[in-house]
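Geometric and topological summary
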Amino acid sequence: MSDVTIIGAGVAGLWAARACLAQGLRARLVDRKGPPGPHGCSWWAGGMLAPFCEGALSEPAVVTHGRRAAALWGEITEVTHRGTLVLAPERDRAELQRFAARTEGHSDCDAEAIAACEPDLAGRHRRGLFFAEEAHLNPRQALQDLTHALAAEGVTVETTALTPSEVTGPVIDCRGMVARDALPGLRAVRGEMILLRAPDVTLTRPIRLLHPRHPLYVVPRGQGIYMLGATQIESASRSGMTARSALELLSAAYALDPRFAEGEIIEMGADLRPAFADNLPGIVQRGAVLHLNGLFRHGFLMAPALAEQAAGFLATATTGDLFRED
């Protein structure tokens, strides 16, 4: 027996199950493709818990709720607290100035400060911004750790094809783009990433390289492996990574540190991020169904807050600021 059925076992569904348990609700968690894996867009995430940087182009709620994400994830998995370094080529200094004006929580870095922060970048960049409060994690390990934590409390992922209309009782729908028919305002934003083994490069924190056309972030995954991401294309295509995107990401990585050119490409991936028109994740209530969706590029940052508000509603009938009008 369960008090709520959660459909979809990506980052939102897993956190919904955890939040329901915290409210004393028995949760049933189902996914037509089983536990987290390459079939879900959560698998291809960067793992940056960077609310201030994301605030440059996001609604204030992303910053407000995202500031709690690192602490909440830290209860489940390893979180690295080394901040985020934002850089720009000298010719794109204006991009750095605009980014600084749109964000908070940063300090200015000159060449000496950049070298102290990341010695491998010494002499390569003259100006930057350092966001000391930000963090990052390995998303695949985090998904696995969260799945195991739920299993320890008796919630396992059932490999079952189920739709909300087939369920009696409360439902939390976390199906992402699969729920598009139920949420006409949802759109697909394609994202692509590269995993690169570059043992000659040593970086200890996420680096964002600003560029007017080809922005890049590089996230260390340990053992000389880096995630390069990510494109943001208004497209619903599920085809493999394009040559154009690969060239743009690799060229930007080369601009950050030419030694990336000798790296070994070990994986390329692409998937579709679900997004609402304002790119703000939210909860849509339709009868007994709560749709947690529109996570866009904020899945790991915003899933805990969305889950808490959805579970809180089921337990107390109280809505929060992430509830959206249907």
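All residue numbers refer to positions counted from 1 along the written sequence of the respective chain. Two thresholds apply to this predicted model, a pLDDT of at least 70 for residue-level local features and 80 or more for giving and counting side-chain atom pairs, whereas whole-chain, interface and lining totals are computed over all residues. Heavy atoms from the whole structure form the basis of all side-chain values; hydrogens and water molecules are not counted.

Observations concerning the overall build of the protein chain
In this description a helix means any DSSP run of H or I spanning at least four residues, a strand means any run of E spanning at least two, and both kinds are numbered starting from the N terminus. For the protein chain, the count of helices and strands is 9 helices and 17 strands. Note that the radius of gyration is over C-alpha atoms, with the globule rule given as 2.2 Å times the number of residues to the power 0.38. For 326 residues, the compact-globule formula gives about 20 Å, and the C-alpha radius of gyration of the protein chain, at 20 Å, lands near that figure. Only protein chains enter the accessibility calculation, which uses a 1.4 Å probe; a residue is then buried when its area is under 20% of its type maximum, exposed when over 50%, and partly exposed in between. Out of the 326 residues belonging to the protein chain, those deemed buried represent 55%. The contact rule is simple, with two residues in contact once any of their heavy atoms fall within 4.5 Å. Sequence-distant contacts in the protein chain: of pairs separated by 6 or more residues, those separated by 24 or more amount to 76%.

Focus on the environment of Ala 22
Along the chain, the position of Ala 22 falls in helix H1 (residues 11-22). Note on Ala 22: relative accessible area 69%, which makes it exposed. Distance from Ala 22 to Val 284, taken between C-alpha atoms, is 21 Å for residues 262 residues apart in sequence.

What about the packing of aromatic side chains?
Stacked, tilted and edge-to-face pairs are distinguished by plane angle, under 30 degrees for stacked and over 60 for edge-to-face with tilted covering the rest, among Phe, Tyr and Trp rings (Trp via its six-membered ring) whose centres lie within 6.5 Å. According to the stated counting rule, one finds 5 aromatic pairs in the structure shown. An angle of 85 degrees between the planes, with centres 5.2 Å apart, marks the rings of Trp 15 and Trp 73 as edge-to-face. In this pair, Trp 15 sits in helix H1 while Trp 73 sits in helix H4 (residues 69-73), placing the two residues 58 residues apart along the sequence. Summarising the aromatic geometry, the rings of Phe 99 and Phe 131 are spaced 6.1 Å apart at their centres and angled 90 degrees between planes, so their arrangement reads as edge-to-face. Note that Phe 99 is positioned in helix H5 (residues 93-102) and Phe 131 in strand E6 (residues 127-131), a separation of 32 residues in sequence. Here the aromatic cluster, defined as three or more aromatic residues joined through ring pairs, consists of Trp 15, Trp 73 and Phe 300. Either the NZ atom of lysine or the CZ atom of arginine qualifies as a charge over a ring when it sits within 6 Å of the ring centre and within 35 degrees of the ring normal. One residue, Arg 140, lies across the ring of Trp 44, its end atom 5.1 Å from the ring centre.

So, the state of the cysteines
Whenever a pair of cysteine sulfur atoms sits within 2.5 Å, that pair is classed as a disulfide. One pass over the full model with this rule turns up 0 disulfides. Cys 117 carries a free sulfur, and the closest cysteine sulfur to it, the one in Cys 109, is 6.1 Å from it. In this structure Cys 174 is not part of a disulfide, and its nearest cysteine sulfur, from Cys 20, lies 9.0 Å away. Exposure remark for Cys 174: the relative accessible area of 9% places this residue in the buried category.

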